[in-house]
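For reference, the chains in residue letters:
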Protein chains: 2
Amino acid sequence: MSTLYEHGTLAALMTGSMAGTITVADLLKHGNNGIGTFDGLNGEVIILDGEVYQAVSDGHVNHVTTRDAKMPFASVHFPDHPTPVQLDKVAFDLLNGQFVKDHQLANVFAFLKLQGHFEKVHTRIAPKQEPPYPSLLQVAQGQPEFQRENIDGTILGYYAPDVFGSITAAGWHLHFISDDRQFAGHLLGFSADHLAGDLQVFDTLEQHLPIEDQAFRQGRVDLKSLRAGIAASEGSK
Amino acid sequence: MSTLYEHGTLAALMTGSMAGTITVADLLKHGNNGIGTFDGLNGEVIILDGEVYQAVSDGHVNHVTTRDAKMPFASVHFPDHPTPVQLDKVAFDLLNGQFVKDHQLANVFAFLKLQGHFEKVHTRIAPKQEPPYPSLLQVAQGQPEFQRENIDGTILGYYAPDVFGSITAAGWHLHFISDDRQFAGHLLGFSADHLAGDLQVFDTLEQHLPIEDQAFRQGRVDLKSLRAGIAASEGSK
């Protein structure tokens, strides 16, 4: 059995439940690799081999060593017999198309980590919000974007089936971090000649909800606009 | 921490993945109360204090003692500090309206069990299907319905938030079983003067997927028709 642990939902973020509801310490009990964001949607988080990095919206990357910071939304797992993968001429087109077909990912949750030299990387970083929180869609309309060429680094994140697309990002949700840990963010686009890494398919999603949080309990989701909003805020292109 | 365990998804059933993918033995490791269906959508299952009952489409109820029968879709949990509830003049209107508000259920998963004397109970029972399996929507259009008046029994099942409505039934998904274990099914309607029981709110959904099952891996879900199909096949009225 292989489990992906998710705290919070994108749907709740969409309604403005952006206050942190799980500590880094508690999150790391459920995995040492993953992605997420901090209290107030403060940046893009990359968790790699138990180390926590936060890209903030001025473009800097913090190595987070405190364990009492809180997160409203995060996904983590422990590596367990991943499948090695080698890919040439890689971009989102390949990941979204042939790669999903080759590995039959359409209906499952999976983790992908790819390392190597990137010709281009295009990222964005969510800026910290203050209460009363806006909707994720409003935030998405004003997020700084960054580009780098010829940079060594790692992309990592998760694939989720379409039917889970109102609680998490459907398809790939990937973050990037450079080998020198100076550049990171939510991945919007990339190209690379050759990347190597591994893939892990999960048989279980452990979806944890912050049921003690009143903003979460009282949040009202408009399903009609939810998918459009998530596509606008979490899209990879 | 309180966990609801779900094996399979309604979305997969909708695409015709109706073959059993978890044994009763394995399911009962994750809970001793719950609901579900058997291989080929064969009937409505009620799991009560570790005993497994199956209402089949001719109206009979089997007490299932074999533990190697397989199920494509089921939800179970272990009772853990439930909240006692007492309700007067109970019907779906109350459960869907004031009860959800009073207990702030809109964004959480919860289990409800209510026992007592029912003036009316209206159920339906899914008939067993053979491969190649039709869609759940097709099955829903030909399901036998049953009515009883003045019957003692138990309703039990789960509440799921709207945003999880493509993987499970949004709102209440309840089954009924009579005290004499001779009448049971998926609950379409009921009325009762007074019912007593308990409510348990979960902070975790443990969603298990049959990733080794090729029909599941290859199933293709049409999101546009999914919610309409689930509403037609799992509706409570």
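These numbers come from a predicted model, not from an experiment.

K.L.:
Hey, could you run me through the overall build of chain A in this one?
P.N.:
Scanning chain A from terminus to terminus reveals 6 helices and 14 strands. In terms of overall dimensions, chain A is globule-like: its C-alpha atoms have a radius of gyration of 16 Å, near the 18 Å expected for 237 residues. Looking at chain A as a whole, 60% of its 237 residues are labelled buried. The long-range share in chain A, meaning contacts at least 24 apart out of those at least 6 apart in sequence, stands at 78%. On chain A, roughly 9,300 Å² of surface is accessible, and the fraction owed to carbon and sulfur atoms is 48%.

K.L.:
How should I be thinking about the interface of chain B and chain A in this particular structure?
P.N.:
Quoted interface sizes are often the accessible area lost when the parts come together. Opposite the 34 residues of chain B that make contact, chain A presents 34 residues. Roughly 2,900 Å² of surface becomes buried between chain B and chain A when both sides are summed, with 58% attributable to carbon and sulfur atoms. Between chain B and chain A we count 0 salt bridges in total. Along the contact surface separating chain B from chain A lie 18 residue pairs in polar contact (both at pLDDT 80 or more). Listed by contribution, the elements that provide at least two residues to the side of chain B that touches chain A are strand 13 (184–202), strand 14 (204–208), helix 5 (214–218) and helix 6 (223–234) of chain B.

K.L.:
Sorry if this is basic, but what is going on with the relation of the copies chain B and chain A here?
P.N.:
The operation linking the two copies of the chain is a rotation about an axis combined with a translation along the axis. The operation relating chain B to chain A is a screw motion whose rotation component is 180 degrees, with 0.0 Å of axial translation and a residual RMSD of 0.0 Å. Given the turn and translation reported, the copies of this chain are related as if by a two-fold rotation axis. Judged by C-alpha distance, B:Glu206 is the residue of chain B that lies nearest the rotation axis, at 2.3 Å. A symmetric contact is evident, with 100% of the interface residues of chain B recurring at the interface of chain A.

K.L.:
Which parts of the structure should I look at to understand the pattern of salt bridges?
P.N.:
Two side chains bearing opposite charge may form a pair once their charged atoms approach each other closely. Under the criterion given, the structure shown has 6 salt bridges over all chains. For A:Asp193, the salt bridge identified is with A:Lys89, shortest N-O distance 3.2 Å. Here A:Lys89 lies in strand 9 (residues 83–90) and A:Asp193 lies in strand 13 (residues 184–202), a separation of 104 residues in the sequence. On the basis of relative accessibility, which here comes to 63%, the residue A:Lys89 falls in the exposed class. Among the ionic pairs, B:Asp26 bridges to B:Lys29, the shortest N-O distance being 2.8 Å. Assessed through its relative accessible area of 33%, B:Asp26 is described here as partly exposed.

K.L.:
Hey, could you run me through unusual backbone geometry in this one?
P.N.:
Leaving glycine out, the prevailing phi sign among residues is negative, and the prevailing peptide bond configuration is trans. The omega torsion of the bond from A:Pro131 to A:Pro132 falls at -5 degrees, within 30 degrees of zero and hence cis. In this structure, A:Pro132 sits in the loop between strand 10 (109–124) and helix 4 (136–140). Phi is positive for A:Arg181, which is not a glycine, with a value near 60 degrees. One can find A:Arg181 in the loop between strand 12 (171–178) and strand 13. Under the relative-accessibility criterion, A:Arg181 is labelled partly exposed at 27%. At B:Asn150, a residue that is not glycine, the phi angle is positive and equals roughly 50 degrees. Take B:Asn150: it is sitting in strand 11 (residues 145–160).

K.L.:
Got a minute to help me understand the environment of A:Ala126 in this structure?
P.N.:
Residues and elements named next belong to chain A. Mapped onto the secondary structure, Ala 126 falls in the loop between strand 10 and helix 4. For Ala 126, a relative accessible area of 3% gives the class buried. With 69 residues separating them along the chain, Ala 126 and Ser 57 place their C-alpha atoms 6.1 Å apart. Excluding its chain neighbours within four sequence positions, the residues that come into contact with Ala 126 are Leu 41, Asn 42, Gly 43, Glu 44, Ser 57 and Gln 143.

K.L.:
Would you take a moment to explain the pairing of strand 8 (residues 73–77) of chain A for this structure?
P.N.:
Regular strands place side chains that alternate from one sheet face to the opposite one. Residue and element names in this part refer to chain A. Counting buried positions along strand 8 gives 5 out of 5 residues, so the element sits mostly inside the fold. Neither face of strand 8 is exposed, since Phe 73, Ser 75 and His 77 on one face and Ala 74 and Val 76 on the opposite face are all buried. With 3 bridges joining them, strand 1 (residues 3–7) and strand 8 adopt antiparallel strand pairing. From the neighbouring strand, Tyr 5 faces strand 8, where its bridge partner is Val 76.

K.L.:
Could you clarify how one ought to interpret the packing of aromatic side chains in this entry?
P.N.:
Each aromatic ring pair is described using two quantities: the centre-to-centre distance and the angle formed by the ring planes. In the structure shown here, the tally under the stated rule is 18 aromatic pairs over all chains. With centroids separated by 5.1 Å and ring planes inclined at 85 degrees, the aromatic side chains of A:Phe118 and A:Phe176 adopt a geometry described as edge-to-face. One end of the pair, A:Phe118, is in strand 10; the other, A:Phe176, is in strand 12, and 58 residues separate them in sequence. The exposure class assigned to A:Phe118 is buried, which follows from its relative accessible area of 0%. The exposure class assigned to A:Phe176 is buried, which follows from its relative accessible area of 0%. When the ring of B:Phe118 is compared with that of B:Phe190, the centres are 6.0 Å apart and the planes differ by 65 degrees; the resulting orientation is edge-to-face. In this pair, B:Phe118 sits in strand 10 (residues 109–124) while B:Phe190 sits in strand 13, placing the two residues 72 residues apart along the sequence.

Cut-offs used in this document
Residues numbered from 1 in each chain as written. Chains lettered and ligands numbered in written order. Predicted model: local features only at pLDDT ≥ 70, side-chain atom pairs only at ≥ 80, totals over all residues. Heavy atoms only, no water. Helix = DSSP H or I, 4+ residues; strand = E, 2+ residues; numbered from the N terminus. Rg over C-alpha atoms; globule rule 2.2 N^0.38 Å. Buried < 20%, exposed > 50% of the residue type's maximum accessible area, 1.4 Å probe, protein only. Contact = heavy atoms within 4.5 Å. Areas by Shrake-Rupley, 256 points an atom, 1.4 Å probe, with all protein chains shown as cover. Buried area = accessible area lost by both parts, 1.4 Å probe. Salt bridge = Lys/Arg side-chain N within 4 Å of Asp/Glu carboxyl O. Polar contact = N/O pair within 3.5 Å; in protein donor to acceptor, adjacent residues only side chain to side chain. Least-squares fit on C-alpha atoms with pLDDT ≥ 70 in both. Pairing = 2+ DSSP bridges. Phe/Tyr/Trp six-rings, centres within 6.5 Å; stacked < 30°, edge-to-face > 60°.

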